[in-house]
Amino acid sequence: MSREPFSKLTSRTFVLSQENIDTDQIIPARFLTSTLRDGYGKAAFYDWRYDANGRPKNSSIFNGYNRETHKILVAGPNFGCGSSREHAPWALLDFGFRVVISSDIADIFKSNALKNGLLPVTVDDATHRRLLASPGIEVTVDLENESVTIEGLGEAHFKVEPFARRCLIDGVDPLGHLLNQVAAIEAYERADR
Amino acid sequence: MKSQSLFDKVWARHVVVEETAEAPAVLYIDLHLIHEVTSPQAFTVLNERGLKVRRPDRTLGTLDHSTPTLKADAKGKLPYASREAEEQVAALIRNCDEHGVELLGLGDPRRGIVHVIGPELGATQPGKTIVCGDSHTSTHGAFGALAFGIGTTEVGHVLATQCLLQRKPKSMRVTFFGTLPAGVGAKDMALAMIGEIGADGGQGYAIEFAGPAVEALSMEGRMTLCNMSIEAGARVGMIAPDEKTFDWLKGRDFAPKGDAWDQAVEEWNGLATEEGAHFDREVEIDVSALAPMITYGVSPDVSAAVNAFAPSPASGVERHAADYMQFETGKAFSEAKVDRVFIGSCTNSRLEDLRAAAAIMRGRKVKRGVVALVVPGSEAVKRAAEAEGLDRVFIDAGAEWREPGCSMCIAMNGDAGAPGDLVVSTSNRNFVGRQGKDVRTVLASPATAAACAIEGTIADPRRYLEGAGDVA
Ligand code: SF4
């Protein structure tokens with residue numbers, strides 16, 4: 001999965017209000033044996049979507065999902081906790097999401113998401129409650145201004161780590177940035193050992 | 001100078017470029033551990049960009065997640081869960097070979113779960129920065145290392161530059177007071193700590209575990225505690241090194257030798273948190289009245305004493321979890337029938353853990369109908385356990401004694417529960433489906449898991465302590 005730039009997006013929300021949605025829910029471990037970076041969308045939330053025999057569940061909340069119109073996932077607190085698997089943001093992106101909004105997003109997931117062009121947005125509790133209560137509402141997420149505008153309900157602000165933000169907007173490559181520090185790294189290695 | 005914490009000191013020593021408002025710090029990594037699941041895509045990026053592994057000498061690979069725990073068949077063929085799993089293992093072998101990285105591969109007597117072998121080889125040392133594409137890298141913090149899990153993109157960063165872009169996290173100290181009662185151990189402390197802080201309470205923090213009850217723990221116990229920092233949301237959990245740490249490391253393969261050892265110990269002695277060091281948050285936990293703990297929900301912070309009763313769900317989330325776990329409100333947990341027991345994982349698969357389980361299983365039988373799996377954390381643990389006859393204890397009790405690996409902790413190698421099974425597991429995650437589709441996981445200590453295997457229900461291990469009366 002290549003990193004895609006991100007600046008602004010208007011889309012409807014898809015709401016999963018449960019708290020502690022861990023990366024094993026986002027993509028179960030048995031789908032982690034692939035050595036590729038793409039194609040994980042079909043495994044996204046697999047056990048929420050399919051029964052033990054691999055048949056689509058009639059009761060799945062994802063039956064109401066449309067990848068063309070629902071690019072913003074609104075999730076309960078502590079989204080993305082658990083395993084550090086980067087397959088989780090890969091799966092969400094491949095499935096169709098570009099933004100995850102919650103009151104609280106797990107550290108490693110957040111870091112992985114930012115590196116792949118999936119924007120993790122942490123909003124205040126009141127805004128979060130409003131979003132949870134209005135599934136399908138139209139929301140504009142503006143990374144340059146770090147704002148979330150909810151149709152008819154006003155605006156909220158969020159913070160993204162400044163370097164990650166620049167990387168997303170301007171397409172700066174973090175590995176390129178690190179490779180540019182090679183002189184400092186060599187100096188450190190000489191001094192330290 | 002301002003008083004510094006253990007974490008402050010290790011962090012400061014590894015800053016290559018200071019952090020600014022615009023950019024995170026460039027942090028040097030002393031040891032990079034890799035395994036088959038989270039590394040292939042990182043090597044692909046390296047190869048695409050024509051980059052080399054900067055420090056193969058600081059990189060160490062092992063095979064653990066996808067590897068079978070059953071022996072090879074007569075033709076020498078290992079029973080992989082799928083062709084993809086086999087290909088994933090082959091990819092790591094190929095990548096390590098091409099990039100000159102040492103791999104503790106299949107058949108290597110040093111192979112094992114990544115967080116078990118690092119300390120076992122003495123590669124894990126106080127004051128080091130250690131990363132791995134695996135969230136339980138916090139385990140290595142038990143030695144006073146700054147160790148944390150990273151994603152695959154970052155695995156690529158470390159392979160290419162031996163560095164990571166990181167902002168310094170906030171700090172939290174969790175102090176454990178009191179003396180642990182008999183039959184209660186580090187796993188119970190970990191579950192109590194997670195229950196106290198919450199599954200997201202440690203987010204954005206590096207935790208230091210301190211206090212008399214932590215000092216009293218063995219190195220194995222300290223590893224169990226640091227291992228589960230991530231279940232409280234913290235990427236880092238660390239403990240100041242002391243004599244126990246040094247004794248544990250001395251003489252191990254990768255540990256310094258001779259004069260270098262004395263020098264290292266002197267340096268390590270200076271790592272402890274100074275009086276007056278600042279912590280953004282302080283938590284205190286008294287362990288004197290702690291009971292053996294179990295989880296009864298689908299998040300590791302939902303726990304109770306093993307002899308408690310299932311509470312009535314207080315919210316929608318709790319009801320959802322209760323529906324999944326099927327513990328009947330008001331009934332004792334000990335009435336719940338257990339289908340499987342798993343003793344293993346980087347949380348509890350070291351020799352001390354196996355001894356604790358064997359002490360309860362010795363001379364007893366696993367309850368009919370219960371499948372019990374004992375999976376040592378490494379080849380070395382397996383050999384040591386067999387040398388003292390623990391394998392016989394488990395086999396005679398009717399449990400299965402397997403080859404080392406992650407096994408049912410993540411259930412991606414084919415070892416899994418059946419839908420609906422109630423599994424008592426010494427691993428670290430009780431998420432929905434973690435141990436197989438629709439499997440219900442109860443986390444517990446090795447002693448508790450062993451007692452559950454014997455009784456076929458959730459059971460209190462204190463009943464099996466020598467000279468124990470009836471524990472209510
Ligand atoms: S034993 Fe479990 S938690 Fe530990 S490294 Fe393996 S899969 Fe991860």
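Bringing the pairing of strand S1 (residues 8–16) of chain A into the picture now. Residues and elements named next belong to chain A. Pairing of S1 with strand S5 (residues 138–142) involves five bridges; the strand directions are antiparallel. Bridge pairing in S5 links Lys 8 to Asp 142. Judged from the four bridges that link them, S1 and strand S2 (residues 72–75) form a sheet pairing that is parallel. When the bridges of S2 are listed, Thr 13 appears paired with Ile 72.

This part is about the confidence of the model for chain B. Here chain B averages 96 in pLDDT, and 99% of its residues register 70 or above. On the interface metric, ipTM, the complex scores 0.93, and its pTM is 0.96.

Residue and element names in this part refer to chain B. Overall, parallel pairing links the five strands, which are arranged S5-S4-S3-S6-S7 in an open sheet. Two strands lie at the open edges of the sheet, namely strand S5 (102–104) and strand S7 (146–149), each paired on one side alone. On average, each strand axis in the sheet is tilted by 20° relative to the strand beside it, whichever way the strands run. For strand S3 (residues 31–34) and strand S4 (residues 59–62), the ladder comprises three bridges, and the chain directions are parallel. The residue of S4 that forms the bridge with Leu 33 is Leu 60.

Moving on to the pattern of salt bridges. Any two side chains of opposite charge can pair, so long as their charged atoms come close to each other. What the rule picks out here adds up to 43 salt bridges over all chains. Salt-bridge contacts for Glu154(B) lead to Lys115(A); the nearest nitrogen and oxygen are separated by 3.4 Å. Here Glu154(B), found in helix H5 (residues 152–161), pairs with Lys115(A), found in the loop between helix H4 (107–114) and strand S4 (119–122), and the two come from separate chains. In this pair, the class of Glu154(B) matches that of Lys115(A), namely buried. A salt bridge links Arg165(A) to Glu144(A); its shortest N-O distance comes to 3.7 Å. Taken together, the residues Arg165(A) in helix H6 (residues 162–170) and Glu144(A) in the loop between S5 and strand S6 (147–150) connect sequence positions 21 residues apart.

Okay, the side chain of Asn430(B) next. All names here are of chain B. Counting through the fold element by element, Asn 430 comes out in the loop between strand S18 (422–425) and strand S19 (440–443). Here the side chain of Asn 430 touches Thr 295 through a polar contact of 3.3 Å, side chain to side chain. Looking at Asn 430, its side chain comes within polar contact range of the main-chain oxygen of Ser 299, at 3.1 Å. Other than its neighbours up to four places away in sequence, Asn 430 contacts Thr 295, Gly 297, Val 298, Ser 299, Pro 300, Thr 441 and Leu 443.

All names here are of chain B. By the burial criterion, the buried members of helix H11 (residues 316–325) are Ala 321, Tyr 324 and Met 325. Buried residues along H11 cover an arc of 90° about the axis, so they all sit on one side. Structural note: H11 exposes Gly 316 and Asp 323 on the side pointing more than 90 degrees away from its buried face. On its buried face, H11 sits against S18 and S19.

Each value, and the rule that gives it
Residues numbered from 1 in each chain as written. Chains lettered and ligands numbered in written order. Predicted model: local features only at pLDDT ≥ 70, side-chain atom pairs only at ≥ 80, totals over all residues. Heavy atoms only, no water. Pairing = 2+ DSSP bridges. Helix = DSSP H or I, 4+ residues; strand = E, 2+ residues; numbered from the N terminus. pLDDT = per-residue confidence, 0-100. Axes fitted to C-alpha atoms, helices over the stretch in contact; angles between N-to-C directions. Salt bridge = Lys/Arg side-chain N within 4 Å of Asp/Glu carboxyl O. Buried < 20%, exposed > 50% of the residue type's maximum accessible area, 1.4 Å probe, protein only. Polar contact = N/O pair within 3.5 Å; in protein donor to acceptor, adjacent residues only side chain to side chain. Contact = heavy atoms within 4.5 Å. Arc of directions from axis to C-beta.

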